[in-house]
Amino acid sequence: MNLTRIRLVSLVALVCAFIPALVHGQGLISKQSFGEKNEIILKFSAEVNKAQAANVSNYSVIEEQDPDIRLELASAVPNYSGDGVTLHFKQPLNTAKTHVVTVSNLSGDVKTVVKVSKPYLGYLFSILISALLINNFVFTKYLGLCVFFGTSKRKTTAKGMGVVFTLVMVASAMMSWFFFNFILIPYNLNFLEIVVFIGLVSLTVQAVDTILRKVNPILFNSFGVYLVLVIANCVIIAVPLMMANNKFNLFETFMLALGAGGGFLLALYLMSSVSERMQFAKIPPTFKGLPIAFIVAGQFAMAFLGFSGLQIF
Amino acid sequence: MKNIITIIIRLTLSCLLAAFVMGIFFVMTSKAKKHNEHVNEEKVMYSLLGYKVGAPVPETVKLYAVYRYIVTDPAGKSIGYLVPTGQGAETGFSFIILDLDGKLIEQKPVTVTADDAAEAESRDKAIKAALGAGKEAVYADDKTIIVTDNGARTAYLLSGKFAGFKASISVMLALKTDFGIRGLAIVEHEEDPGLGAEIEKGYFKNQFIGKSFATLKTLDVVKEPLPDAYAKAMEGVKGEDGGKILEQYKDHAIYALTGATISSRAVTNGVKGTVAKFAYRINILDNVLKEQHIVVPF
Amino acid sequence: MANDKSSMQLVANGILKENPIFRLALSMCPAVGISTTVMNGFMLGVAVLFVQVCSSLTISMVKKVIHPRIRIPTYTLTIATWVTVIDMVLAAYMPEAYAKMGIFVKLIVAFAIITMRLEMFACKEPVGASFWDGLGMGLGFMIGMMTIGLVRELLGSGAILGYDVLGFKPLLFFILPSAGFFVVGLMMAFFNYIELYYKRKKGFKS
């Protein structure tokens, strides 16, 4: 029951994180998106002159970081009803970058400027998926192994550990983001990042411990033991460090932390399922305990290699 | 209560002590770090140009750096280049601002020494002083080095950074004056060992050497086994007809690394994009310098 | 852990009897993650050795002033300080090796082995013994990392320390990332086997 509540809270937080992503273009152009590899599709809010819309010289397209380089257009093809146009480029576009399209002469003398980028929502989601599966912290980044092997013997332990870990991870990553962006960077104190991040992690753990003890003693009884283990887990310090390295913004950090925690939970759950089965298997005495666990983890790691190159958005 | 106060005092003291130790080491190492980075960069640059480590570089060879900035003012965006100007004894620096169509807006002399121009912080400060109020210049993280021998251009060195399979890949490229590739060095990457990390091996990165600008525009990646003779020729194993083999594969597509097609493709596309952008910009800059009769040492 | 142990015994204890990687199975992350070559193992080993020895010394020196209630935060602070120091030194003087180890140098701060030694040994024992214990643990970690690195480099790329010794690549699999788990697992099994073998032998004798 408590698990469902936690899930609900994280779902609400997720939705809140996505709201700013739902902002669209303005004026003449109602919708813009990337099409095939070398296409940009524009949708107009009103019908336009087809002959004008097909004129390549009415469009100028640049990448936001390189405003001096105009991308060469091969053709502009208006759609049948005249309220949209597809721009074809000579070279494939780098869809990871934001493109700026300037449209002129289509509605009087007014120039319309719109930015075309992949949906931000999709980008955030790709960070989540990447941390969860493609770059799973346990199986492809090899972090947090001590705790991973220690707590993956039984499913209930695995679940408890995973959930507590995700919560602490998200909270500490958010705090680290604030500290990093508002204290460390402005005062040029980047070299203190390790101390600050590990300090924040300990602080979060202590805070969660105290709050949980007071607010929900039952939950504390079942989950409290895992809190201590969280500090000894390198994933929890790796996430803020990655955030600092990649200069992520708040939403990206949130998704990274959520993905990392979720990935850890997934890894623990998978491993514990196998461990429970292994208790009934005949294992050679030399392989009992950790060695066989390592071999199983290796097989999982190979399976997770299959996710590499996965692209959804 | 007394307990808490002692704890707080002691913790504060130990924090201060720790910060002191870290601060000392930071001051001690930051200079060496900068110096070593600089030495490393130079080593990569000279080896790309074909000068062996340790062998003296001829005195006639000179390197000039051009830095690109994005200038923002109320009218919109424009592009600024910090270029060394003048020839012989009278050398200085100028900040050349071009509009987005490649026309000169203005040229401003910048008072900065060569050493200060190489440092990001002092360079930014000097440019800010030269521009005055109302305009803001942001370094676009784009530095090009123009190599001259006896005053004639022999090569360009440029650095590029693009997304790889896991994290970003930083490369340094040496180009001939006709934008054909002279050399490629992988400076930084985080690809998987045994798979994507092979991009830094000679048999992959040397495939780019000799590709002309025209070939590069349509360069593709193929998933075919790399011919043995070609691999050996690229690794520098002395054979009878190494040069001939290299010549034979000069316009061939890039052979993808086994099990690392995404990394191979990332490097190929990254190199293509970097060279294309550079060629576009240097042509514009050269035109402006010529039209405006700005004397430059390169 | 009494005082009567000689310094050599303390060092040997860290290397053999309580080897952090193979016996205590602590700080496994780098053992799997970046042990693809002997050099990587050596470099990270040096970093851990430095942090372990320095932290052990520091804690042992100030053990009387540490308030028991803020023991763990003090350990964390000490370790983090020394990790920052070695991180900056490596980044400045060995940029190439540092780039290969990536994030793992900074992650030493979360290594269970260092905190454990501080809690179990350095906060009770005198400075000298703590130094030797830290040295033993650091060396044990370094040797463990290098052994794994040796196996993986030799079998994966047919080389040792970057020098081609075999002339061919036996099994590329071994330097692939996921092979780290297999190598560590198999080596642990190997040590278990030796232990069981000797136990059995002893059993027959008595």
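Conventions we followed
Residues numbered from 1 in each chain as written. Chains lettered and ligands numbered in written order. Predicted model: local features only at pLDDT ≥ 70, side-chain atom pairs only at ≥ 80, totals over all residues. Heavy atoms only, no water. Pairing = 2+ DSSP bridges. Helix = DSSP H or I, 4+ residues; strand = E, 2+ residues; numbered from the N terminus. Axes fitted to C-alpha atoms, helices over the stretch in contact; angles between N-to-C directions. Domains from an automatic or database assignment. Contact = heavy atoms within 4.5 Å. Buried area = accessible area lost by both parts, 1.4 Å probe. Salt bridge = Lys/Arg side-chain N within 4 Å of Asp/Glu carboxyl O. Polar contact = N/O pair within 3.5 Å; in protein donor to acceptor, adjacent residues only side chain to side chain. Nonpolar A, V, L, I, M, F, W, Y, C, P; charged D, E, K, R; others polar.

All names here are of chain B. Strand order in the open sheet formed by eight strands is 4-3-2-1-5-6-7-8, with antiparallel pairing between adjacent strands. The open sheet is flanked by strand 4 (104-110) and strand 8 (181-188), the only strands paired with a single partner. On average, each strand axis in the sheet is tilted by 25° relative to the strand beside it, whichever way the strands run. Pairing analysis gives seven bridges linking strand 2 (residues 76-85) to strand 3 (residues 92-98), with the strands arranged antiparallel. Looking at the pairing, Tyr-81 lines up with Ile-96 of strand 3.

Residue and element names in this part refer to chain B. If you check the domain split of chain B, you get domain 1 (64-144) and domain 2 (154-281). The C-alpha-based centres of domain 1 and domain 2 are spaced at 32 Å. On the side of domain 2, five residues touch domain 1, which itself brings five residues to the contact. Both sides of the domain 1 and domain 2 interface together cover about 400 Å² of buried area, and 42% of this is carbon and sulfur. The largest share of the area that domain 1 buries against domain 2 comes from Arg-68, Tyr-81 and Thr-144, three residues that together contribute 70% of it. The interface formed by domain 1 and domain 2 includes one salt bridge. Its salt-bridge partner being Asp-142, residue Arg-281 comes within 3.7 Å of it at the nearest N-O pair. Taken together, the connections running from domain 1 to domain 2 amount to zero residue pairs in polar contact (both at pLDDT 80 or more). Take the side of domain 1 that touches domain 2: its biggest share by element is three residues, from strand 5 (residues 136-149). Here the residues of the side of domain 1 that touches domain 2 are counted per class, giving one nonpolar, one polar and three charged.

With that settled, consider the domain arrangement of chain A. Once the domains are mapped, chain A shows domain 1 (35-117) and domain 2 (121-305). Computed from C-alpha atoms alone, the centre-to-centre distance between domain 1 of chain A and domain 2 of chain A is 44 Å.

On to the side chain of A:Thr166. Within the secondary structure layout, A:Thr166 lies in helix 5 (residues 155-184). Ignoring sequence-local partners within four residues, the contact set of A:Thr166 consists of A:Leu258, A:Gly261 and A:Gly262.

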